[in-house]
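Examining the three-dimensional arrangement
Here's the letter readout for the chains.
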Amino acid sequence: MNETVLRVTSNKKIALNTYLMKLDGDCSAVTVPGQFVNISLSGFYLRRPISVCDYTSDSVTLIYKVVGGGTALMSELQPGAKLNVLTGLGNGYDDTLSGGRPLLVGGGAGVPPLYSLAKKLTAQGKKVMIILGFNTADEVFGEEEFRETGAEVFLTTVDGSAGTKGFVTDVMKELDYTYFYTCGPMPMLRAVDGIAVTDGQFSFEERMGCGFGACMGCSCKTKYGYKRICRDGPVLKREEIVW
Amino acid sequence: MVTSVELCGIKIDNPVIPASGTFGYGYEFAEFYDINKLGTFSFKGTTREPRFGNETPRIAECASGMLNAVGLQNPGVESVINNELPKLKNVFSKPVMANVSGFSIEDYVYTCARLDGQEQVGWIEVNISCPNVHGAGMSFGTDAESAAQVTRAVKEVTDKPVIIKLSPKVTNIARIASACEDAGADGISLINTLLGMKIDLKTRRPLLANKTGGLSGPAVKPVALRMVYQVFEAVSIPIVGMGGIASAEDVIEFMLAGATAVEVGAQNLIDPYACPRIIDDLPQIMQKYGIDDLSEIIGGAH
Ligand SMILES: Cc1cc2nc3c(=O)[nH]c(=O)nc-3n(C[C@H](O)[C@H](O)[C@H](O)COP(=O)(O)OP(=O)(O)OC[C@H]3O[C@@H](n4cnc5c(N)ncnc54)[C@H](O)[C@@H]3O)c2cc1C
Ligand SMILES: Cc1cc2nc3c(=O)[nH]c(=O)nc-3n(C[C@H](O)[C@H](O)[C@H](O)COP(=O)(O)O)c2cc1C
Ligand code: FES
């Protein structure tokens, strides 16, 4: 982990209430897909945790949904704006367990961290499948970008306005996969756990005080004792999770 | 320029001490900087038995501060002695302040006696904001007599300096501080968090799973400063002041009110470099206000 000042290079709306922000600066602490950054925003006391969607050693891409004051302020930032950011937080996904046909399952604002994971797994020659779940067509993003990684993309919307009508699990139960990685709202994670037929990894959200393991604000119980979502997570393995 | 101060017989290089609960057992921060730069630090509130604490959400943001309802999550005193202190030894060579919590006098006595034997421990800071299980959930810190009882009991089992950490949820803080001094306390630290709440408009329910949480950060600073000022007039033992400290100026303000040293809490969470920054800024700010030796300004506002 590292504290650094990053510069906004672009910040664009890509779907309903959803923005893609690119930042430049020292991002060398980001080393694993599924890690997050914690952003200081002027006028807000606590930092805002956002997953890293894509990264290089000197840039990160974030995709965020406007849900309150902090993310609304982010959406107004112009290129050139500088942000104090803690980078390289959390454990990220363990790609070594994927097997030959990993399945990625993302819901809404949980889709972004799966992008760099998809890139990494396809680069390893894995046959990657990804299910993207949204409520409605206006919210959909990332379909093309995931396809470009070489992954096979399945799109679902709850109201059927784009892709298959229904939930991610409706598609998931038809697929043949060796392992799975998922991130999304809690009800979706539970549903995925309910029907999954292999081991897998889940990325969780929790309200955070620090984001780097010091305050015990984000603890959860696991089969192997308590863990901090910000430091021992946000990714937990299926077998350790206490639902 | 002299930044060192003497806290209950132990000299510390500077008066800046990360506050309990915001610094873990030290090594998370040792990844950011050399923590030997600190005066000392107060480790996470430790209890006799391991505690998981409250359900989440445990954290809520508010204007100029935060609410926390962590619920004293800690691995218990045996694990602190067997695991945390040995790990700390690799990254911190100064005496550490051991923060202790309990739910009965026996709890406090047990935990303090165990920590008394640890050479890494310099001071014992006793958090008396916890509810007394034998007292209808009333906190030890809200009543002068129970505060004095804890102090007396703990003093009997340790030779280390005992600093009693007061709760601000009282009508007369000076009275509680005096009662602790009379019972043998070597120092007083204050303030612990104030009690607050946040309601989620979408769910129409309190946001924290525990419903209420402790308020800290700049929002509490004026209250904390006033209390340090009042306690300074009531006792002659050293005071460790805290509540919303975020800058070298804040440190000087608390020392003028009567603090010998200060603790920095929530600021560590939003800025992991808060304490080294404050320490680096101190000489310059001292110069600005014509201070050569920090010890000389203690209580200077009276
Ligand atoms: C590890 C992690 C990764 C995340 N990745 C993304 C992402 O890639 N894209 C995205 O759109 N969102 C992501 N989130 C959620 C994002 O942090 C919140 O939406 C954001 O903090 C809301 O801030 P706000 O000021 O707009 O909302 P407000 O509701 O006004 O925020 C008030 C406080 O609550 C906290 N908070 C509110 N919602 C959440 C939440 N869901 N999780 C954690 N804290 C919350 C805020 O950080 C702030 O401290 C992630 C959360 C975590 C924990
Ligand atoms: C997340 C968090 C956890 C805390 N845990 C403890 C604790 O275990 N024991 C204790 O005595 N005080 C605890 N405190 C209180 C702080 O030590 C300090 O008294 C208070 O936060 C006021 O200082 P601040 O405004 O600088 O944060 C905690 C505070 C926070 C924010
Ligand atoms: S948010 Fe502080 S420990 Fe996880």
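1. Looking at the overall build of chain B
Within chain B, the regular secondary structure consists of nine helices and 15 strands. Its C-alpha atoms give chain B a radius of gyration of 18 Å, within 12% of the compact-globule value 19 Å for 302 residues. With the principal axes as the frame, chain B shows a C-alpha extent of 50 × 50 × 40 Å. When each of the 302 residues of chain B is scored for burial, the buried share is 61%. With an accessible surface of roughly 11500 Å², chain B has 49% of that area assigned to carbon and sulfur atoms. Computed over 25 positive and 34 negative side-chain charges, the separation of the two mean positions in chain B equals 8 Å.

2. What to know about the overall build of chain A
Check the secondary structure of chain A and you find five helices and 16 strands. A compact globule built from 243 residues would reach a C-alpha radius of gyration of about 18 Å, and chain A, at 17 Å, matches this within 12%. Taken along its principal axes, the extent of the C-alpha atoms in chain A is 45 × 40 × 30 Å. Per-residue burial for chain A yields a buried fraction of 57% across its 243 residues.

3. Comments concerning the pairing of strand S9 (residues 129–134) of chain A
Residues and elements named next belong to chain A. Summarising burial for S9: six of the six residues are buried, a large majority. On S9, burial covers both faces: Met129, Ile131 and Gly133 on one face and Ile130, Leu132 and Phe134 on the other are all buried. Note: strand S8 (residues 102–107) against S9, five bridges, orientation parallel. Bridge assignment links Gly106 to a residue of S9, and that residue is Leu132. In this region the chain leaves S8, passes through helix H2 (residues 113–123) and returns to the parallel neighbour S9; the handedness of that crossover is right-handed. Here six bridges tie S9 to strand S10 (residues 152–157), and the two strands are oriented parallel to one another.

4. A closer look at the site of ligand 2
Residue and element names in this part refer to chain B. Close contacts around ligand 2 come from 22 residues, with Ser20, Lys165, Gly217, Gly244 and Ala266 the closest. One of the side-chain N or O atoms of Asn127 is found 3.3 Å from an oxygen atom in ligand 2. Measuring from an oxygen atom of ligand 2, one finds a side-chain N or O atom of Ser216 at 3.5 Å. For ligand 2, whose accessible area on its own is 600 Å², the fraction buried by protein is 97%.

5. Thoughts on the interface of chain B and chain A
Taken together, the contact pairs 35 residues of chain B with 27 residues of chain A. Each partner contributes to the roughly 2500 Å² buried at the junction of chain B and chain A, and carbon and sulfur atoms together form 60% of this total. Inspection of the region where chain B meets chain A yields four salt bridges. In this structure, the salt-bridge partner of Arg231 of chain A is Glu31 of chain B, at a minimum N-O distance of 2.4 Å. One can count 12 residue pairs in polar contact (both at pLDDT 80 or more) joining chain B with chain A. Of the residues contributing to the side of chain B that touches chain A, the split by class is 17 nonpolar, 10 polar and eight charged.

6. Re helix H6 (residues 221–234) of chain B
Residues and elements named next belong to chain B. The first and last C-alpha atoms of H6 sit 20 Å apart over 14 residues, in line with the 20 Å expected at 1.5 Å per residue. Buried residues of H6: Lys221, Ala224, Leu225, Met227, Val228 and Val231, and no others. All buried residues of H6 fall inside an arc of 165° around its axis, so they share one side. Pointing more than 90 degrees away from the buried face of H6 are the exposed residues Pro222 and Glu233. Its buried side turned inward, H6 meets helix H5 (173–182), strand S9 (187–190), strand S14 (239–242) and helix H7 (248–257).

7. A closer look at the packing of helix H3 (residues 105–116) of chain B against helix H4 (residues 144–157) of chain B
All names here are of chain B. Look at H3 against H4: their axes get within 9 Å of each other, and the N-to-C directions meet at 30°. By the angle between their directions, the pair H3 and H4 is classed as roughly parallel. Crossing geometry of H3 relative to H4 is assigned as right-handed. Here H3 contributes Ile105, Tyr108, Val109, Cys112, Ala113 and Asp116 to the contact with H4, which in turn contributes Gln149, Val150, Ala153, Val154 and Val157.

8. Brief notes about H5 of chain B
Residue and element names in this part refer to chain B. Every buried residue of H5 is accounted for by Ile173, Ala174, Ile176, Ala177, Ala179 and Cys180. Of the surrounding secondary structure, the elements contacted by the buried residues of H5 are H4, strand S8 (162–165), S9 and H6. Gly184 lies just past H5 and shows a positive phi near 110°.

9. Observations concerning empty space enclosed by the protein
All names here are of chain A. As enumerated under the stated definition, the model contains one cavity of 30 Å³ or more in all. The volume enclosed by the largest cavity comes to roughly 50 Å³. In terms of lining residues, the largest cavity is bounded by Leu16, Thr18, Lys65, Gly108, Ala109, Phe134, Glu139 and Phe141. By residue class, the composition of the lining of the largest cavity is four nonpolar, two polar and two charged. Residues from two domains meet in the lining of the largest cavity; each of domain 1 (2–89) and domain 2 (95–205) gives at least three.

10. Section: the domain arrangement of chain A
Residue and element names in this part refer to chain A. Per the domain assignment, the segments of chain A are domain 1 (2–89) and domain 2 (95–205). Once you take the C-alpha centre of each, domain 1 and domain 2 turn out to be 23 Å apart. Residue-level contacts link 13 residues of domain 1 with 12 residues of domain 2. Approximately 1100 Å² of surface area, both sides summed, lies buried where domain 1 meets domain 2, with 64% of it carried by carbon and sulfur atoms. Among the residues domain 1 hides against domain 2, the three largest losses belong to Leu16, Pro33 and Cys53. Together they make up 38% of the total. Taken together, the links from domain 1 to domain 2 amount to two salt bridges. The salt bridge partner of Asp54 is Lys119, with a shortest N-O separation of 2.9 Å. Applying the counting criterion to the domain 1 and domain 2 interface returns three residue pairs in polar contact (both at pLDDT 80 or more). For the side of domain 1 that touches domain 2, the class distribution of residues is eight nonpolar, three polar and two charged.

About the cut-offs
Residues numbered from 1 in each chain as written. Chains lettered and ligands numbered in written order. Predicted model: local features only at pLDDT ≥ 70, side-chain atom pairs only at ≥ 80, totals over all residues. Heavy atoms only, no water. Helix = DSSP H or I, 4+ residues; strand = E, 2+ residues; numbered from the N terminus. Rg over C-alpha atoms; globule rule 2.2 N^0.38 Å. Buried < 20%, exposed > 50% of the residue type's maximum accessible area, 1.4 Å probe, protein only. Areas by Shrake-Rupley, 256 points an atom, 1.4 Å probe, with all protein chains shown as cover. Lys, Arg positive; Asp, Glu negative; His and termini not counted. Charge placed at Lys NZ, Arg CZ, Asp CG, Glu CD. Pairing = 2+ DSSP bridges. Right-handed = clockwise from strand over helix to strand, strands pointing away. Near = heavy atom within 4 Å. Polar contact = N/O pair within 3.5 Å; in protein donor to acceptor, adjacent residues only side chain to side chain. Contact = heavy atoms within 4.5 Å. Buried area = accessible area lost by both parts, 1.4 Å probe. Salt bridge = Lys/Arg side-chain N within 4 Å of Asp/Glu carboxyl O. Nonpolar A, V, L, I, M, F, W, Y, C, P; charged D, E, K, R; others polar. Expected span 1.5 Å × (residues − 1). Arc of directions from axis to C-beta. Axes fitted to C-alpha atoms, helices over the stretch in contact; angles between N-to-C directions. Parallel < 35°, antiparallel > 145°, perpendicular 65-115°, else oblique. Left-handed = near helix turned anticlockwise from the far one by under 90°. 1 Å grid on protein atoms, 1.4 Å probe; cavity = no way out; pocket = protein on both sides within 12 Å on 5 of 7 lines; lining within 4 Å. Points joined across faces, edges and corners; volume = space filled by probe spheres on them. Domains from an automatic or database assignment.

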